[in-house]
Amino acid sequence: MSTTMKPSPPAGESLTPTIRQRVLPSAVSGQEVVLLGVIIVLWVALYFSTAGFLSPGSIQSILVAMAPIALMGVGMTIIIITGGIDVSVGGAIMVCSVVTAKTMVDTGIPLVPAVLLSMVVGGLLGLLNGVLIAYGRVHAIIITFGTANLFQFIGLRIFDSKTINGIPSTFDVFGRGVNGRTLGIPHSFVIMVVIAAIAWWYLRHTAGGRHFYAIGGDAQAARLAGVRVQRRVLLAYVITGLLVGLGSCFVIAQGTSSLDQSIGIGKELAVIAAVVIGGTSIMGGRGSVLGTVLGALLVQTVTSGVTQLRWSSQLSDLFVGIFIILAVGADLLRQRTRRSK
């Protein structure tokens, strides 16, 4: 993310963009290559250990399950790059899901308005987080821990201690069934890939995207350099809220025609795990959307593998926890090495 200047051109030559070369980090980091290698090794090992792990149905199930985590992880990546965090994602999923599902049952709204409704609700929740964090100047984990409880309270009040039944099949286009895929590829996975690619390009190739890294590296220096820190931080949480709204539609589609009060519980940990395992520094200033997608794929591979091996589900939490510790340890060692140079 640094910029270098070549030596001054000979007299008479104009200063053109060709003598400026922006030096960007490698498109694929070493940690992402390692992650990809680990995933391939796991897939090969599971292929020989379980019957049908690499069958089309199994792969489609993994891609559908990872899509909402990776999608929300895109927003979480931007937040953590700025040095923040959002532990209210689970509560926000509950609010978005119950509002959308209840509206679909009561009014029968079609697909597009239902998706927009969920995204608007998610965006408003993200806006609340963003305003409190950007202008309240309180650490993000304190604010989002508080709003997590607030969102869960709101969600449970809307549930009114009842399960929502008879949800229409409107979101089947995002689900596991035949209507949820084209040429065997799940629609929710395709949407996630497109959004992740846009975010990857924006963060890497635009000034606005690089401002997020500058804020995470040193917010005061970024402010002195002219970056509108508060607006950027606010934007990061609003983007995450919008993606949580869209991801909630995918979560609803993965379920049945009923929605209970357990929706969203623990999802924030899965999203943060995908981001951290993907190589985004928990200290801010460094990270990649590509790493987050690979992290989500690794987490889902471990979860599916443990299930197909018929091991205790607690082992998947153990393995994911080990991956998180290894990723954070690698990040701290990398930072220590960088400071010692």
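The protein chain carries the name ABC transporter permease in an unreviewed UniProt entry, which gives Nakamurella alba as its organism. Listed in UniProt under the heading Subcellular location (unreviewed entry), the comment for the protein chain reads: "Cell membrane".

Q: Honestly, the overall build of the protein chain in this entry has me stumped. Any pointers?
A: Helix and strand content of the protein chain: twelve helices and four strands. Its C-alpha atoms give the protein chain a radius of gyration of 21 Å, within 12% of the compact-globule value 20 Å for 341 residues. Across its three principal directions, the C-alpha atoms of the protein chain cover 75 × 50 × 35 Å. Looking at the protein chain as a whole, 46% of its 341 residues are labelled buried.

Q: Please clarify how the confidence of the model for the protein chain should be interpreted in this entry.
A: Caution is warranted with low-pLDDT regions, since their predicted coordinates should not be read in detail. Residues with a pLDDT of 70 or more make up 92% of the protein chain, whose mean pLDDT is 88. Ranking the elements of the protein chain by mean pLDDT puts strand E1 (residues 2-5) last, at 40, and helix H4 (residues 111-136) first, at 96. Counting contacts from residues 1-21, a segment whose pLDDT is below 50, to residues more than four positions away or on other chains yields 17 contacts.

Q: For this particular structure, what's the right way to read helix H1 (residues 30-49)?
A: Because an α-helix packs 3.6 residues into every turn, residues spaced three or four apart end up facing the same way. Here H1 is 20 residues long and its end C-alpha atoms lie 28 Å apart, about the 28 Å a rise of 1.5 Å per residue gives. Those residues of H1 that sit buried are Gln31, Glu32, Leu35, Ile39 and Leu46. For H1, the angular spread of buried residues about the axis comes to 95°, placing them on one side. Those residues of H1 that are exposed and angled more than 90 degrees off the buried face are Gly30, Val33, Val34, Val41 and Phe48. Looking at the buried positions of H1, the neighbouring elements they touch are helix H10 (267-277), helix H11 (289-308) and helix H12 (313-340).

Q: Help me understand the nonpolar core in this model?
A: Across soluble globular proteins, nonpolar side chains show a tendency to be buried alongside one another. With 89 residues, the main nonpolar core has Met66, Phe171 and Met192 as its most contacted residues. Here this core gets 15 residues from one element, more than from any other, and that element is helix H2 (residues 56-81). Discounting chain neighbours no more than four positions away, the residues touching Phe171 are Thr100, Met104, Leu111, Ala114, Val115, Cys249, Ile252 and Ala253.

Q: What is the right way to look at the UniProt feature "transmembrane region" (unreviewed entry) in the protein chain in this model?
A: Feature annotation in UniProt assigns "transmembrane region" (unreviewed entry) to the following positions: residues 33-55, 62-85, 111-133, 140-159, 184-203, 233-253, 265-282 and 315-333. In this annotation, residues 233-253 is assigned 100% helix and 0% strand; the end-to-end C-alpha distance for the span is 31 Å. Segment residues 315-333 splits into 100% helix and 0% strand. End C-alpha atoms: 27 Å apart.

Q: Honestly, the side chain of Ser316 in this entry has me stumped. Any pointers?
A: Checked against the element boundaries, Ser316 lands in helix H12. What makes Ser316 buried here is its relative accessible area of 8%.

Q: When you look at the packing of helix H7 (residues 207-217) against helix H9 (residues 229-254) in this model, what are you seeing that I'm missing?
A: When two helices pack together, their arrangement is captured by the angle between the axes and the distance separating the axes. Put simply, H7 and H9 touch, their axes get as near as 10 Å, and they point 105° apart. One finds that H7 runs roughly perpendicular with respect to H9. Contacts between H7 and H9 pair Gly208, His211, Phe212 and Ile215 from the former with Val229, Arg232, Val233, Leu235 and Ala236 from the latter. Partitioning the contact of H7 with H9 into residue classes produces six nonpolar, two polar and one charged.

Q: Help me understand unusual backbone geometry, please; the structure alone is not making it clear to me.
A: Trans peptide bonds make up most of the peptide bonds, and negative phi angles are found at most residues other than glycine. Of note in the backbone geometry, Ser161 takes a positive phi value of approximately 60° without being a glycine. Its place among the elements puts Ser161 in the loop between helix H5 (140-159) and strand E3 (181-182). Assessed through its relative accessible area of 67%, Ser161 is described here as exposed.

Q: How should I be thinking about the packing of aromatic side chains in this particular structure?
A: Between two aromatic rings, the relevant description is the distance of the centres plus the angle of the planes. Counted by the stated rule, this structure contains five aromatic pairs. Centre to centre, the rings of Trp43 and Phe53 are 6.2 Å apart; their planes meet at 80°, and the pair counts as edge-to-face. Note that Trp43 is positioned in helix H1 and Phe53 in the loop between H1 and H2, a separation of ten residues in sequence. Since its relative accessible area comes to 0%, Phe53 is described here as buried. Measuring from ring centre to ring centre gives 5.9 Å for Phe171 and Phe174, while their planes differ by 35°; the resulting arrangement is tilted. Neither Phe171 nor Phe174 differs from the other in exposure class; each is buried. Each member of the aromatic cluster is reached from another via a ring pair, and the members are Phe171, Phe174 and Phe250.

Procedures and definitions
Residues numbered from 1 in each chain as written. Predicted model: local features only at pLDDT ≥ 70, side-chain atom pairs only at ≥ 80, totals over all residues. Heavy atoms only, no water. UniProt positions renumbered as here; feature names shortened; annotations may be inferred. Helix = DSSP H or I, 4+ residues; strand = E, 2+ residues; numbered from the N terminus. Rg over C-alpha atoms; globule rule 2.2 N^0.38 Å. Buried < 20%, exposed > 50% of the residue type's maximum accessible area, 1.4 Å probe, protein only. pLDDT = per-residue confidence, 0-100. Contact = heavy atoms within 4.5 Å. Expected span 1.5 Å × (residues − 1). Arc of directions from axis to C-beta. Core = buried A, V, L, I, M, F, W, Y, C linked by side-chain atoms within 4.5 Å. Axes fitted to C-alpha atoms, helices over the stretch in contact; angles between N-to-C directions. Parallel < 35°, antiparallel > 145°, perpendicular 65-115°, else oblique. Nonpolar A, V, L, I, M, F, W, Y, C, P; charged D, E, K, R; others polar. Phe/Tyr/Trp six-rings, centres within 6.5 Å; stacked < 30°, edge-to-face > 60°.

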